[in-house]
Amino acid sequence: MYVALSNGSGFGAVSKWSSSFDLFHGWTVADFVRTVGDVNNDGRDDLIGFGLDGVYVALSNGTSFDPISKWSSSFDLSHGWTVSQFVRTVGDVNNDGRDDLIGFGLDGVYVALSNGSGFGSISKWSFVL
């Protein structure tokens, strides 16, 4: 993972912040969604990866990303959440300053709320009409 920090009118030099979530470690675009969001409400976007057996997070410390850790056993490929069929993303759905997991499933929209150090159980928030 490479980052170029914004200075408000442009971007600084590109630097390597992490060796996680990369192709060498099996994180292919075809199989695994990777995105960014502030999951712990510290004002810095963190790395989030929807993996084979769960959702993994690497927190930003402002100059690099900490090692990845498993935050959830939901929304993963082993439970049928494929890239080609189901959109998964992050956003703060309950206005607590922490980005939560959102999955657009076969029969509705599912959410797992962030508690700052993990994600809770998934629950259906919306039904398909």
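All of the points below concern the structure found in this document.

Scoring rules and cut-offs
Residues numbered from 1 in each chain as written. Predicted model: local features only at pLDDT ≥ 70, side-chain atom pairs only at ≥ 80, totals over all residues. Heavy atoms only, no water. Helix = DSSP H or I, 4+ residues; strand = E, 2+ residues; numbered from the N terminus. Rg over C-alpha atoms; globule rule 2.2 N^0.38 Å. Buried < 20%, exposed > 50% of the residue type's maximum accessible area, 1.4 Å probe, protein only. Contact = heavy atoms within 4.5 Å. Areas by Shrake-Rupley, 256 points an atom, 1.4 Å probe, with all protein chains shown as cover. Lys, Arg positive; Asp, Glu negative; His and termini not counted. Charge placed at Lys NZ, Arg CZ, Asp CG, Glu CD. Salt bridge = Lys/Arg side-chain N within 4 Å of Asp/Glu carboxyl O. Polar contact = N/O pair within 3.5 Å; in protein donor to acceptor, adjacent residues only side chain to side chain. Pairing = 2+ DSSP bridges. Axes fitted to C-alpha atoms, helices over the stretch in contact; angles between N-to-C directions.

### Remarks on the overall build of the protein
For step 1, the next point in the chain: Scanning the protein from N- to C-terminus turns up zero helices and ten strands.
For step 2, the next point in the chain: Listing each helix as α and each strand as β along the protein from the N terminus yields β-β-β-β-β-β-β-β-β-β.
For step 3, the next point in the chain: Against the globule reference of 14 Å for 129 residues, the protein gives a C-alpha radius of gyration of 15 Å, in line with a compact fold.
For step 4, the next point in the chain: Its C-alpha atoms give the protein principal-axis dimensions of about 45 × 35 × 25 Å.
For step 5, the next point in the chain: Among the 129 residues that make up the protein, the fraction classed as buried is 36%.
For step 6, the next point in the chain: At a minimum sequence separation of 6, the contacts of the protein that also span at least 24 residues come to 30%.
For step 7, the next point in the chain: Roughly 7,100 Å² of accessible area belongs to the protein as shown, and the carbon and sulfur atoms make up 56% of that amount.
For step 8, the next point in the chain: Charge-centre separation for the protein: the mean point of 7 positive side chains lies 4 Å from the mean point of 14 negative side chains.

### A short note on the side chain of Asp76
For step 1, the next point in the chain: Tracing the chain through its elements places Asp76 in the loop between β6 (69-72) and β7 (88-91).
For step 2, the next point in the chain: Buried within the structure, Asp76 lacks any salt-bridge partner; its nearest side chain of opposite charge belongs to Lys70, at an N-O separation of 6.5 Å.
For step 3, the next point in the chain: Of note is the side chain of Asp76, whose polar atom sits 3.4 Å from the backbone nitrogen of Gly54.
For step 4, the next point in the chain: With residues near it in sequence (within four places) discarded, Asp76 still touches Gly51, Leu52, Asp53, Gly54, Trp81 and Arg88.

### Looking at the environment of Asp22
For step 1, the next point in the chain: With respect to the element layout, Asp22 can be found in the loop between β2 (15-16) and β3 (33-37).
For step 2, the next point in the chain: Each C-alpha atom, one on Asp22 and one on Thr89, is 18 Å from the other, the two residues being 67 residues apart in sequence.

### Here we look at the sheet that holds β7
For step 1, the next point in the chain: Taken together, the four strands give an open sheet; going across it, the order is β7-β8-β9-β10, and neighbouring strands pair in antiparallel fashion. Each edge of the sheet is formed by a strand with only one pairing partner; in this case those strands are β7 and β10 (123-127). Along the sheet, successive strands turn relative to each other by an average axial angle of 30°, direction set aside.
For step 2, the next point in the chain: Judged from the four bridges that link them, strand β8 (residues 100-104) and strand β9 (residues 108-112) form a sheet pairing that is antiparallel. Residue pairing across strands places Leu101 opposite Ala112, the latter belonging to β9.

Everything listed here is a matter of geometry and, on its own, says nothing about what the molecule does.
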